[in-house]
Amino acid sequence: MYDNFQKYLQKEIQQIKDDGLYKSERVIITPQSAAIKTKDEGDVLNFCANNYLGLADNKELIQAAKDAMDARGYGMSSVRFICGTGDLHKELEKRIAEFFGTEDTILYAACFDANGGVFEPLLGEQDAIISDALNHASIIDGVRLCKAKRFRYANADMADLEQQLIAAKDCRHRIICTDGVFSMDGNVAPIDKIYELANKYNALVMVDESHSAGVVGKTGRGTTEQYNLRGKVEILTGTLGKAFGGAVGGFTTGKKEIIEMLRQRSRPYLFSNSIPPMVAAAAIKTLDIITRDNKLQDTLHENTNYFVEKMKAAGFDIKPTQSAICAVMLYDAPLSQKFAAELSNEGIYVTGFYYPVVPKGQARIRVQVSAAHTHAQLDKCVEAFIKIGKKLGTLK
Ligand SMILES: *Cc1c(COP(=O)(O)O)cnc(C)c1O
């Protein structure tokens, strides 16, 4: 039996390679950080991690994790409702709710699970989910798992959203769901306008804060801080795998009845192991660090402005960004790959994206700025971009 299937897979894999879509992985042999060492390329500056606040190798987090491992052991060996709930899990849930100004929080093994398990327990056939066209794959999968009717609107297009709300007006409940920051462009969803439309058409709002938590808003409390809507949006989801230390874990936070229902019915919560106590402890430490002062958030915002201004001054075409994601537009797919490879030779680790990850003719290099980057490292990145830009003819 396997012979046939093996041939089929080999052919499919070859097709992926022929299409230039085969993904390979670089092996890092140091902690995740601004400066890393990879097995094949040696020392590089990292501009493609979601390590926005530079906490992935933070000493206080590491110590908190070690202390928790000594005090609470390695793993929980259970889902939450059987015997997988520790005091650290409860404390982290409370702290996440405080951070976002919400009523309650439920933890998951990943934000992929939070999004996968948020719709199905809350909505049925009579309801409608109205989803931004550029939402993360995990939201798309979550929607697929739910029986509610599906409506889609063009990215951050409020006229289209209104049309979809009108189309869904006879449904029992409506929910608008959106990424807070769209990861390919770096734009923030217009939550203020979404919230207005939600009120006008009697809909709930769900925002995935994965790329915005710790980043967007003066103190990094995400899109609801940016738009003065703290505590108003019914559902926020997010990850512990990006700005919040970068390990693993996800959460849904929001109105208490919603969270209560998720604890009863959300399948990734009921049927998947709880996060290790050390991860909960380090996440609590993350919240300590980013709420005791605003240093990391300020540094991230300053670094992002510094980088974007320098790149624009050099003549690069940067998508307007309101996050720590800077899309350097090259438009041409092969050029984006060549450019990224040349940057790698200069010791700059970035990723080029092209169709189907971004629309056809919209190829780009995505740069992710971190509070951990020094100005010297940002300068080195800009200088490498200029050198390769001139070499490849994208800069005059
Ligand atoms: C990264 C990301 C996720 C997945 O988060 P994990 O915790 O790594 O599963 C979900 N949604 C968005 C918008 C993301 O960017």
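For every chain, the first residue of the written sequence is number 1, and numbering continues from 1 along that sequence. Local features in this predicted model are restricted to residues whose pLDDT is 70 or higher, and side-chain atom pairs enter the listing and the counts only when it is 80 or higher, whereas totals over whole chains, interfaces and linings include all residues. Just so you know, side-chain values use all the structure's heavy atoms and leave hydrogens and water out.

1. Quick word on the domain arrangement of the chain
Which entries qualify depends on this criterion: Residue ranges for the domains trace back to a domain assignment, done automatically or taken from a database. We call two residues contacting when some pair of their heavy atoms lies within 4.5 Å. Here the quantity called buried area is the accessible surface, traced with a 1.4 Å probe, that two parts lose on coming together, added over both. By salt bridge we mean one thing: a side-chain nitrogen of Lys or Arg within 4 Å of a carboxyl oxygen of Asp or Glu. Any pair of N or O atoms that falls within 3.5 Å is considered a polar contact. Within protein, one atom must be able to donate a hydrogen and the other to accept it, and sequence-neighbouring residues count only if both atoms are side-chain atoms. Put simply, DSSP marks the helices as runs of H or I at least four residues long and the strands as runs of E at least two long, and each gets a number from the N terminus on. Three categories are distinguished: nonpolar for Ala, Val, Leu, Ile, Met, Phe, Trp, Tyr, Cys and Pro, charged for Asp, Glu, Lys and Arg, and polar for the others, with Gly belonging to the last.
Domains assigned within the chain are domain 1 (22–51 + 294–392) and domain 2 (59–292). Using only C-alpha atoms to locate each centre, domain 1 and domain 2 end up separated by 27 Å. Residue-level contacts link 22 residues of domain 1 with 21 residues of domain 2. The contact between domain 1 and domain 2 buries some 1,600 Å² in all, and 52% of this surface belongs to carbon and sulfur atoms. A per-residue breakdown of the area domain 1 buries against domain 2 is headed by N50, Q297 and Q322, which together make up 33% of the total. The tally of links between domain 1 and domain 2 comes to two salt bridges. For D185, the salt bridge identified is with R364, shortest N-O distance 2.4 Å. Our count for the contact surface shared by domain 1 and domain 2 stands at 12 residue pairs in polar contact (both at pLDDT 80 or more). Counting residues per element, the ones that place at least two in the side of domain 1 that touches domain 2 are α13 (295–313), β10 (325–331) and β13 (363–368). Looking at the side of domain 1 that touches domain 2 element by element, the count peaks at five residues for α13. A breakdown of the residues in the side of domain 1 that touches domain 2 according to their chemical character gives nine nonpolar, nine polar and four charged.

2. Remarks on the site of the ligand
The cut-off we apply is this: Nearness here has a simple test: a residue counts as near a molecule or strand if at least one of its heavy atoms is within 4 Å of that partner. Note on areas: Shrake-Rupley with a 1.4 Å probe; residue coverage comes only from the protein chains shown.
Around the ligand there are 13 residues in total, and C111, F112, D208, T239 and K242 lie nearest to it. Measuring from an oxygen atom of the ligand, one finds a side-chain N or O atom of T239 at 2.6 Å. Within the side chain of K242, a nitrogen or oxygen atom sits 2.7 Å from an oxygen atom of the ligand. Contact with the protein chains hides 83% of the accessible area of the ligand, taken as 380 Å² for the molecule alone. Per-element tally for the shell around the ligand: the top contributor is helix α5 (residues 111–116), with three residues.

3. Some details on the layout of surface pockets
Where empty space is left can be seen by rolling a probe of water-molecule size over the atoms. Operational definition: Within this scheme a cavity is a closed region of a 1 Å grid, computed over the protein atoms alone, that accommodates a 1.4 Å probe without allowing it to escape, whereas a pocket is open but has protein on both sides within 12 Å along at least five of seven lines; lining residues each have an atom within 4 Å of a point. Grid points are joined across faces, edges and corners, and a volume is the space filled by probe spheres set on the points.
Taken as a whole, the largest pocket holds about 1,300 Å³ of empty space. Around the largest pocket, the lining comprises 36 residues; the ones closest to its centre are K23, S24, Y349, T351 and F353. If you list the elements that add at least two residues to the lining of the largest pocket, you get α14 (333–345), β12 (351–353) and β13. Among the residues making up the lining of the largest pocket, the classes are represented as 15 nonpolar, 16 polar and five charged. Residue-level mapping places the lining of the largest pocket at the junction of two domains, with at least three residues from each of domain 1 (22–51 + 294–392) and domain 2 (59–292). For the second largest pocket, the calculated volume is near 570 Å³. Every residue lining the second largest pocket is counted, 27 residues in all, and those nearest its centre are D132, A133, L134, N135 and I140. The set of elements that each furnish at least two residues to the lining of the second largest pocket consists of β4 (128–132), α6 (137–144) and β5 (149–153). It is α6 that provides the largest number of residues to the lining of the second largest pocket, a total of five residues. Three or more residues apiece are contributed to the lining of the second largest pocket by two domains, here domain 1 (22–51 + 294–392) and domain 2 (59–292).

4. Regarding the environment of K310
Looking at where K310 falls in the secondary structure, it is placed in helix α13. Sequence-distant contacts of K310, defined by excluding residues within four places in its chain, comprise D379 and V382. A polar contact of 3.2 Å, which involves the side chain of K310, links it to the side chain of D379.

5. Some details on helix α4 (residues 87–100)
This is how it is decided: To estimate the expected span of a helix, count its residues, drop one, and scale the result by 1.5 Å. The cut-offs for exposure are 20% and 50% of the maximum accessible area for each residue type, with area from a 1.4 Å probe on protein chains only; residues under the lower value are buried, those over the upper are exposed, and the others partly exposed.
Taking 1.5 Å as the rise per residue, α4 with 14 residues should run 20 Å; its terminal C-alpha atoms sit 20 Å apart, in good agreement. Inspection of α4 places L88, H89, L92, E93, R95, I96, A97, F99 and F100 among the buried residues, and these make up the whole buried set. G101 sits one or two positions beyond α4 and adopts a positive phi of about 70°.

6. Observations concerning unusual backbone geometry
Of note, the amide linkage connecting Y355 to P356 takes the cis form, showing an omega dihedral of 10°. Its location among the elements puts P356 in the loop between β12 and β13. In this model, A156 sits at a positive phi of 55°, which is unusual for a non-glycine residue. On the basis of relative accessible area, A156 is assigned to the partly exposed category, the value being 26%.

7. Here's the deal with the sheet that holds strand β2 (residues 42–46)
Just so we agree on the cut-off: Strand pairing requires that DSSP identify at least two bridges connecting the strands.
One open sheet holds the three strands; their spatial order is β1-β2-β11, and the pairing between them is mixed. One side of each edge strand has no neighbouring strand; the edge strands of this open sheet are β1 (35–38) and β11 (348–349). Sheet analysis places β2 next to β11, joined by two bridges and oriented parallel. For N46, the partnering residue across the bridge sits in β11 and is Y349.

8. Focus: a nonpolar patch on the surface
This is how it is decided: Two joining distances apply to patches: 9 Å for like charges and 5 Å for nonpolar side chains (Val, Leu, Ile, Met, Phe, Trp, Tyr), and every residue must have over 30% relative accessible area and no salt bridge.
On the surface, M1, Y2, F5, Y8, L9, I13, I16, L21 and Y22 cluster together to form a nonpolar patch covering roughly 910 Å² of accessible area. Within the secondary structure layout, Y2 lies in helix α1 (residues 2–18).

9. Observations regarding the packing of helix α7 (residues 158–167) against helix α8 (residues 191–200)
What counts, and what does not: Note on geometry: axes are C-alpha line fits, over the in-contact stretch for helices, and angles between N-to-C directions span 0 to 180 degrees. Throughout, the term roughly parallel applies to angles under 35 degrees, roughly antiparallel to angles over 145, roughly perpendicular to angles from 65 to 115, and oblique to all others. Should the near helix be turned anticlockwise from the far one by less than a right angle, the crossing is left-handed, and should it be turned clockwise, the crossing is right-handed.
Following both chains from N to C, one finds α7 and α8 inclined at 20°, their axes separated by 11 Å at the closest point. Classed by the angle they form, the pair α7 and α8 counts as roughly parallel. The handedness of the crossing between α7 and α8 comes out as right-handed. Residues M158, L161, E162 and L165 of α7 form the contact with α8, whose participating residues are K193, I194, L197 and K200.

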